[in-house]
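# Analysis of the macromolecular model
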Amino acid sequence: MSFDFIMIGFIIVIMEHDKTKNCSSKPNININGLVIAMERDKGDHVLQVAIINDQFEKFIVSENGISEQLLTLTEKYVQSECLLVGEDLFGNKIVNVYKYKLVQK
């Protein structure tokens, strides 16, 4: 029970710290990689995706308008332009994708 409390508190601290950062300090990055499903519902519909690049780095796509389009592109390669917005507890980068295109591999 206390573990859940500590984890929730830790996440809140990270989010509060992130809010104080200047938006201009968050870098734009280009990611070329494979779109994978991170989470599915009981009906096997994709709820969240990530992009894995050739160096096996995982970039979790945060929810925005384009992320909904990426839900249909699992197991496809994309070139994407993103804004780096943070990291999760496992060190995976979290990004907002604002532009992408499919790539044939």
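None of the values given here were measured: they were computed from a predicted structure.

### Re the nonpolar core
- Counting 15 residues, the largest nonpolar core has Ile-31, Val-49, Ile-51, Val-61, Leu-70, Val-95 and Val-97 as the members making the most contacts within it.
- Elements supplying a minimum of two residues to this core: strand E1 (28-40), strand E2 (46-53), strand E3 (58-61), helix H2 (65-70), strand E4 (77-87) and strand E5 (93-103).
- For Val-49, the contacting residues outside a window of four places in its chain are Val-35, Ile-36, Ala-37, Met-38, Ile-60, Val-61, Leu-70, Leu-71 and Thr-74.

### A closer look at the pairing of E1
- In this structure, E1 lies alongside E4, joined through seven bridges in antiparallel fashion. The residue of E4 that forms the bridge with Asn-28 is Leu-83.
- When E1 meets E2, the two strands line up antiparallel, connected through seven bridges. The residue of E2 that forms the bridge with Ala-37 is Val-49.
- In this antiparallel pair of consecutive strands, E1 and E2, the connection spans five residues, and Asp-44 shows a positive phi of 70°.

### A look at the pairing of E2
- Sheet topology note: the E2/E3 ladder contains three bridges and is antiparallel. Within E3, the residue paired with Ala-50 across the bridge is Ile-60.
- Hairpin connection of E2 to E3: four residues between the antiparallel strands, including Phe-56 at a positive phi of 65°.

### Things to note about the side chain of Ser-62
- Tracing the backbone shows Ser-62 in the loop between E3 and H2.
- Every residue in contact with Ser-62, bar those within four places of it in the chain, is listed here: Ser-67, Ile-94, Val-95 and Asn-96.

### Focus on the pattern of salt bridges
- In total, this model carries two salt bridges according to the counting rule given.
- Between Lys-99 and Glu-81 there is a salt bridge whose closest N-O contact spans 4.0 Å. Here Lys-99 is found in strand E5, whereas its partner Glu-81 is found in strand E4, with 18 residues between them in sequence.
- According to the relative accessible area criterion, Lys-99 is partly exposed, its value standing at 48%.

### Considering a negative patch on the surface
- A cluster of acidic residues, Glu-39, Asp-41, Glu-63 and Glu-68, forms a negative patch at the surface.
- Note that Glu-39 resides in strand E1.

Cut-offs used in this document
Residues numbered from 1 in each chain as written. Predicted model: local features only at pLDDT ≥ 70, side-chain atom pairs only at ≥ 80, totals over all residues. Heavy atoms only, no water. Core = buried A, V, L, I, M, F, W, Y, C linked by side-chain atoms within 4.5 Å. Buried < 20%, exposed > 50% of the residue type's maximum accessible area, 1.4 Å probe, protein only. Helix = DSSP H or I, 4+ residues; strand = E, 2+ residues; numbered from the N terminus. Contact = heavy atoms within 4.5 Å. Pairing = 2+ DSSP bridges. Salt bridge = Lys/Arg side-chain N within 4 Å of Asp/Glu carboxyl O. Patch = residues over 30% accessible without salt bridge, like charges linked within 9 Å, V, L, I, M, F, W, Y side chains within 5 Å. Areas by Shrake-Rupley, 256 points an atom, 1.4 Å probe, with all protein chains shown as cover. Lys, Arg positive; Asp, Glu negative; His and termini not counted. Charge placed at Lys NZ, Arg CZ, Asp CG, Glu CD.

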